[in-house]
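# Coordinate inspection notes
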Amino acid sequence: MISTDRSTSMTAKLATATAGCRLSNEPGRAMLTMRGQHVVTDSPPTLGGPNEAPNPVELLLSALAACAVFVCERAAREMGIELRAINVTAAGEFDPRGVCGEAFDPRFQGFQVRLALEGPDAAQCEQLLQAFESRCPVYTTLSRAAPVEIILN
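About the thresholds
Residues numbered from 1 in each chain as written. Predicted model: local features only at pLDDT ≥ 70, side-chain atom pairs only at ≥ 80, totals over all residues. Heavy atoms only, no water. Salt bridge = Lys/Arg side-chain N within 4 Å of Asp/Glu carboxyl O. Helix = DSSP H or I, 4+ residues; strand = E, 2+ residues; numbered from the N terminus. Buried < 20%, exposed > 50% of the residue type's maximum accessible area, 1.4 Å probe, protein only. Axes fitted to C-alpha atoms, helices over the stretch in contact; angles between N-to-C directions. Parallel < 35°, antiparallel > 145°, perpendicular 65-115°, else oblique. Contact = heavy atoms within 4.5 Å. Nonpolar A, V, L, I, M, F, W, Y, C, P; charged D, E, K, R; others polar.

Looking now at the pattern of salt bridges. Under the defined criterion, the tally for this structure stands at nine salt bridges. In this structure, Arg29 engages Glu52 in a salt bridge whose closest nitrogen and oxygen atoms are separated by 2.9 Å. Residue Arg29 is found in strand 4 (residues 29–34), and its partner Glu52 is found in the loop between strand 5 (37–42) and helix 1 (56–79); the two are separated by 23 residues along the sequence. You can call Glu52 exposed: its relative accessible area is 62%. Residues joined by salt bridges that share partners form a network here, namely Glu26, Arg29, Asp42 and Glu52.

For the rest of this paragraph, the subject is the packing of helix 1 against helix 3 (residues 137–145). Two quantities define a packed helix pair, namely the angle between the helix axes and the distance between the axes. Packing of helix 1 against helix 3 leaves a shortest axis separation of 8 Å and a crossing angle of 130 degrees. Comparing the axis directions of helix 1 and helix 3 gives the class oblique. In this structure, helix 1 uses Leu60, Ala63, Leu64 and Cys67 to contact helix 3, whose residues at the interface are Pro137, Val138, Tyr139 and Leu142. Looking at side-chain class alone, the contact of helix 1 with helix 3 contains eight nonpolar, no polar and no charged residues.

Here's what the structure looks like:
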């Protein structure tokens, strides 16, 4: 759910996104709830999960990829850029031993975002990339946590 914080000034309205999670009746499986929608998530086999649904790490990366698609789509429309297709792949590197309880930092050490844009010329691709880097809340948050390499195809 996204709501607007009315207690802020007229020039700075903040949106709040909310998601919930609860365990299911199967070990290593949980149900996510966002705005009345439900998504199953599993933990990986190393944590005893069934590995039949996306895990939280994959969901984080899919949020980055989806946000890139939507920001580029919107920016292209605003700039009058023909964007026939966009394909985004997001990857992240982390040490899974930390998740399993070993003395290793489990945080992401870096991300890679690969954007394939069909339609824009090189200059327009650069404009869309700049829009993504400045307007995507997922990217701007993650880029402060770890390096993000962006590759335009």
